[in-house]
Amino acid sequence: MRLRLEVNGRQRSADVPPMKRLLDVLREDLALTGTKYSCGVATCGACTVHVDGKPVRACQRRMSSLEGRVVTTIEGLHPTGEHPAQIAWREIDVPQCGYCQPGQIMGAAALLAAKPKPTDVDIDEAMNGHICRCGTYPRIRAAIHAAAQAAPAVTGKRS
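Residue numbers here run from 1 along each chain, matching the order of that chain's written sequence. The predicted nature of this model means local features are confined to residues of pLDDT at least 70 and side-chain atom pairs, given and counted, to a pLDDT of 80 or more, with totals for whole chains, interfaces and linings taken over all residues. To obtain the side-chain values, all non-hydrogen atoms of the structure were included, while hydrogens and water were left out.

Here pLDDT means the predictor's own confidence in every residue, given as a number from 0 to 100. Mean pLDDT for the protein: 93, with 94% of residues reaching 70 or above. Throughout, a residue-residue contact means that at least one pair of heavy atoms, one from each residue, lies within 4.5 Å. Across residues 155-159, where pLDDT falls below 50, the model places 15 contacts with residues more than four positions away in sequence or in other chains.

Here, nonpolar core refers to any group of buried Ala, Val, Leu, Ile, Met, Phe, Trp, Tyr and Cys residues whose side-chain atoms link them within 4.5 Å. Three labels apply to residues, based on accessible area from a 1.4 Å probe with only protein chains included: buried if under 20% of the type maximum, exposed if over 50%, partly exposed otherwise in between. Among the nonpolar cores identified, the biggest contains 21 residues, and Leu-77, Trp-89, Ile-105, Leu-112, Met-127, Ile-140 and Ile-144 are the most heavily contacted of them. Segments assigned H or I by DSSP are reported as helices when at least four residues long, segments assigned E as strands when at least two residues long, and all are numbered from the N terminus. The element that contributes the greatest number of residues to this core is helix 4 (residues 101-114), accounting for six residues.

So, about the packing of helix 3 (residues 84-92) against helix 4. If you want to describe how two helices pack, look at the angle between their axes and the distance between the axes. Lines are fitted to the C-alpha atoms to define the axes, a helix being fitted only along its stretch in contact, and any angle between axes, read from their N-to-C directions, falls within 0 to 180 degrees. Following both chains from N to C, one finds helix 3 and helix 4 inclined at 130 degrees, their axes separated by 9 Å at the closest point. One element, helix 3, and the other, helix 4, form an angle in the oblique class. In this structure, helix 3 crosses over helix 4, and the sense of that crossing is right-handed. Across the interface between the two elements, Ala-85, Gln-86 and Trp-89 of helix 3 pack against Gln-101, Gln-104, Ile-105, Ala-108 and Leu-112 of helix 4. For classification purposes, an angle smaller than 35 degrees is called roughly parallel, one larger than 145 roughly antiparallel, one from 65 to 115 roughly perpendicular, and anything else oblique. Two helices that cross are described as forming a left-handed crossing if the nearer one is turned anticlockwise from the farther one by less than a right angle, and a right-handed crossing if clockwise.

Quick look at the pattern of salt bridges now. Salt bridges, as used here, are contacts in which a Lys or Arg side-chain nitrogen is within 4 Å of a carboxyl oxygen on Asp or Glu. With the rule as written, the count across this model stands at nine salt bridges. The salt bridge involving Asp-122 is made with Lys-115; its shortest N-O contact spans 3.1 Å.

Each residue after the first adds 1.5 Å to the expected span of a helix. Between its first and last C-alpha, helix 6 (residues 137-150) extends 20 Å over 14 residues, near the 20 Å set by a 1.5 Å rise per residue. What helix 6 keeps buried is the set Ile-140, Ala-143, Ile-144, Ala-147 and Ala-148. One side of helix 6 carries all its buried residues, which in axial view fall inside an arc of 135 degrees. Opposite the packed face of helix 6, turned more than 90 degrees from it, sit the exposed residues Pro-138, Gln-149 and Ala-150. Looking at the packing, one finds that the buried side of helix 6 touches helix 3, helix 4 and helix 5 (120-127). Read the arc as the range of directions from the helix axis to the C-beta atoms.

Below, the structure written as structure tokens:
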């Protein structure tokens, strides 16, 4: 199938099998390797990207559902890595192994876009299903609060 969509602010067009996973297209066809493969069944959150501004698991999203959509990966969240969540992640030193962090950040960015001043309950609900094998959950929560405090008016906007 010939597919047209926007990825990280750039219009893309490609011939892809309709059942090919978005994760595979991002990593293999577009060389955007920040989105990670982990569980493959949409339960860990490592492959989280935004489709039309909403967080989705790229390992389960088929290309046939993406015609005309806008996809944002960790590479496209901010051109220089200065989204408030990315800054907070660095300042609070969230990552330990780091493998899940692109998905965690994409989940946090979606939450902050929807709720610029999230409570702990909001964070827990939004981040439920984002698994961190290293257990950095307290730092993740702290980073989300820090990002909300740092720039609540811009957390949902790409620069």
